Structures are given as structure tokens and as C-alpha cells.
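Letter by letter, the chains look like this.
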Amino acid sequence: MKKKLILAAIAFTSLFACKQKAVEEIHTKQPIDKNATAETVRLYNTLFERLDKGIMLGHQDDLAYGHSWYKEAGRSDVKDVTGDYPAVFGWELGHLEIGAEFNLDSIYFSDMKRYAQDIHRMGSINTFSWHGDNMVTGNTAWDCAQDTVVKTILAGGINHDQYIKWLDRVADFFLDLKDDNGVLIPVVFRMYHEHTGDWFWWGSKQCTPEEYKQLWIMTVEYLRDKRNVHNLLYAYSPSETKDEVEYLERYPGDDYVDIVAYDSYVPGKTTEDIEKYKAGMDRNLQIVTNYANKSGKLPTIGETGMEGIPDSTYFTEIVYPVINKYKISWILFWRNAWEKPEHYYLPFEGHPASEDFKKFVSLENILMNKDIQ
Ligand code: BMA
């Protein structure tokens, strides 16, 4: 009798455990990092849940500077125009790898860390890109004069050890992003982006698909497994592609990517350019959301914009109709350069597109900081 009771108890416990597990699996999206911090797992799941609510508005470098201003505490071009902060903030790590104090757009890394903490505290999300220098020539990420950089930094290559030192600096940075209680802040890392284009040393003409994939995998495995960086969600973001085959040609695999995205800009100022952009956005949103559905990844737009916003209805007439057809996590507009007056992608106070932008952000499914509390 006693034996029977024990057996029944074991059966009941394992049944209960199975049920528990099933429930967890249904509700929990696990990032590619099996040791991701609890906060990172929570962020990933929150992002999926929020897909039903709308699309978060993102802006590069928003708190650090804007059109004709630099480092004014609490200031943001988006806030100046709309009264609220973005839900997503983009940051750029370029020159962190060489040990510089400030990045290639003159933001001190010490300031960037503080901004990231402020953003986390206010409930918005941080995403990082990295235009690391060309290690072979010592020039910028845009130096494509030779096509062997990737090969030389892969395992066995002559620059591998030096590149690992660069990755160490990136790892140290992410491991130093902590909240007020010393807990690591979960962030998105959108590395080696626009690689289907040919303007970066990791681009389509500078390495083979296999080399690109190896570069990606090496980076993830080094940060995650060797340096124990467990507060990252990895975002894959080529420039516009024509179909899923091209989109996936250099994809490192579902085991190495959490977020699928793409970058796309209005290529000029003419009506034709705008039509091209609309079609490209539509096609790429379809590619990304279809693949996200199949693979269980999170779809988003890595970067976009129209430089100088010469069309004052750009946000409600061009961007909104196309993004509104899809479920994506966020749309990140590129930076409002403090140092180049024509280089901006969101309106500042008094800009002719301000009213349209205000209308855009007040749409029900465009989410700002206050909408995600
Ligand atoms: C480019 C431009 C550059 C900038 C770089 C990295 O698109 O905005 O001025 O240095 O991104 O942020």
C-alpha cells in the first residue's frame, strides 16, 4: 500500500512538472543565449507581447545631441517636438574597440553608459550598433579598399588575436551597463549591419557568405561563451534585399540571432525615390515578418529615414501606411547630427515636418516612452 502511495505521488509530481514546463514553454521565448539574465529574457518576452500593441518609435543618439545642440541634460529633439521621449534609443559603439574615450560621432562612452541607464530607468530600450574600424588599414568601417579583412580576423587569421582584444573592449562595455541596483541592463546588439551592401569591410563584396557567418558566430560565441556577456539580444539587419533567399544568404542561423531586421533609407528627394522606398519597405517588411513568423524571431526595422525630411508628410503619408500593414517591434530613425546641419532624420522644433511627426506619434499604434509604461 505504502509503495502504491509513493508511486502515485511520483506520478502526480511528474505530471505536474510536465504541465508546468508546457506552460512555461508557451509563454517564454528564450533568447539564443541559454544563460541570458532574467532581465534579458523578460525584455525579449515583453517585446513579443508588445507586438500586438503597436510599433515603438526609436531614434539614434536622441539624448546625447540633436540638430544644432550637443549634450544638454534631458534634452531630446523628439521630446522638444512631441512632448515625450522615444520608446527605443539607438547608440553607436564605433571606436570603442580602439580604446577611444568617445565614439565616432563624439559621444563619450562614459556619457553613453549614463544615457543607457537613464533610458532603462525610464522604461525605454537601448539598441547598439558598431561601426568598428577596418583593422587592416586603421581606417574607418567604410574603408573597403581590400577584401580580406574578415578573413584575417577569423580564427587562424593574422589579425585574430588583435580582433579578440577589440571584442574584449566591447564585452567590457556591455558588462558595465548596470542599473541602480548593480543589475545588468538588457540591451540589443545590432552588429555587422547592412552587410548585403558593399560599403563596410564586412559587406557583400568584402567577404563570402561563409566568412560573414563565421564572423558573426565567432563574435556571439566569444561574447556569450568566453566573456559571459549575458545581457544581449542579437539583431541581424542587412540593407534592403529582394527576397528571402537573399535575406538569408548571409544569415548565421537561428541559433545565433534573436531579432530579424533590415535597414532602408529614402535614396534621394524625388517622387521616384519615394516610390522606390515605399516598395522597398513593403517588400522588406514582408520578408522580415514572414521569416520572423517561421523562425519565432522578433521582427523590427533596424534603421530608416529620409535625410532632411524634405517631404513634410513623410511620416503619416509615406512611413505609416506601409509599417501599419505589419507587426513589428520598433522603427528606428537615424540620428539628428549636431555637427552636420543637413544630416537629420527626425524633425526638430520649427521644422516643416514637425506637425506631421506629432500626428504620427499620436497614432494609436505608434508607441512612445509613455505608451510603454
Ligand atoms: C552614418 C552617418 C555618419 C555617422 C555614422 C555612424 O550613417 O550618420 O555621420 O558617423 O552613421 O553613426
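Here's a quick rundown of the structure. Bear in mind the structure is a predicted one, so any value in this text is a computation, not a measurement.

## Structural notes on the site of the ligand
As a structural note, the neighbourhood of the ligand is formed by Glu92, Leu104, Asp105, His131, Trp142, Trp334, Arg335, Lys340 and His343. Between the ligand and Trp334, the relevant distance is 2.9 Å, taken from an oxygen atom to a side-chain nitrogen or oxygen of the residue. Taking Lys340, its side chain carries an N or O atom lying 2.9 Å from an oxygen atom of the ligand. Along the lines of polarity and charge, the residues of the shell around the ligand split into three nonpolar, two polar and four charged.

## Describing the packing of helix α9 (residues 271–295) against helix α10 (residues 314–323)
Running from N to C, α9 and α10 cross one another at 25 degrees; their axes reach a closest spacing of 9 Å. In terms of their interaxial angle, α9 and α10 are classed as roughly parallel. Crossing geometry of α9 relative to α10 is assigned as right-handed. Note on element contacts: α10 touches α9 through Tyr314, Glu317, Ile318, Val319, Val322 and Ile323, opposite Ile274, Tyr277, Lys278, Met281, Asp282 and Leu285. A breakdown of the residues in the contact of α9 with α10 according to their chemical character gives nine nonpolar, no polar and three charged.

## Quick notes on helix α2 (residues 38–50)
In a regular helix each residue adds 1.5 Å, so 13 residues correspond to 18 Å; α2 covers 18 Å between its end C-alpha atoms and thus fits that length. What α2 keeps buried is the set Thr40, Val41, Leu43, Tyr44, Asn45, Leu47, Phe48 and Arg50.

## Describing the state of the cysteines
In total, this model carries zero disulfides according to the counting rule given. In this structure Cys144 is not part of a disulfide, and its nearest cysteine sulfur, from Cys207, lies 9.8 Å away. Accessibility expressed as a relative area gives 21% for Cys144, which makes it partly exposed.

Thresholds applied
Residue numbers restart at each chain and count upward from 1, following the sequence in its written direction. Since the coordinates come from a predicted model, pLDDT governs what is reported: local features require at least 70, and pairs of side-chain atoms require 80 or more to be given and counted, while whole-chain, interface and lining totals use all residues. For side-chain calculations, the full set of non-hydrogen atoms in the structure is used, while hydrogens and water are omitted. Only heavy atoms are used to decide nearness, and a residue is near a molecule or strand if one of them lies within 4 Å of it. Under the rule applied, a polar contact is a pair of N or O atoms within 3.5 Å (in protein, one hydrogen donor and one hydrogen acceptor; residues adjacent in sequence only if both atoms are side-chain atoms). When residues are sorted by character, Ala, Val, Leu, Ile, Met, Phe, Trp, Tyr, Cys and Pro go into the nonpolar class, Asp, Glu, Lys and Arg into the charged class, and all the rest, Gly among them, into the polar class. Here the axes come from fitting lines to C-alpha atoms, over the contacting stretch only for helices, and the angles between their N-to-C directions go from 0 to 180 degrees. Helical segments are the DSSP runs of H or I of at least four residues, strand segments are the runs of E of at least two, and each set is numbered from the N terminus. Any angle that falls under 35 degrees is termed roughly parallel, while one over 145 is termed roughly antiparallel, one within 65 to 115 roughly perpendicular, and all others oblique. Handedness of each helix crossing follows the sense of rotation of the near helix against the far helix: counterclockwise by less than a right angle gives left-handed, clockwise gives right-handed. Residues are treated as being in contact if the distance between any of their heavy atoms lies within 4.5 Å. Multiplying 1.5 Å by the helix residue count minus one yields the expected span of that helix. The buried label applies to any residue whose accessible area, calculated with a 1.4 Å probe on protein chains only, is under 20% of its type's maximum; exposed applies above 50%, and partly exposed to all values in between. Two cysteine sulfur atoms make up a disulfide if the distance between them is within 2.5 Å.

Without other data, these values stay purely geometric and don't point to any function.
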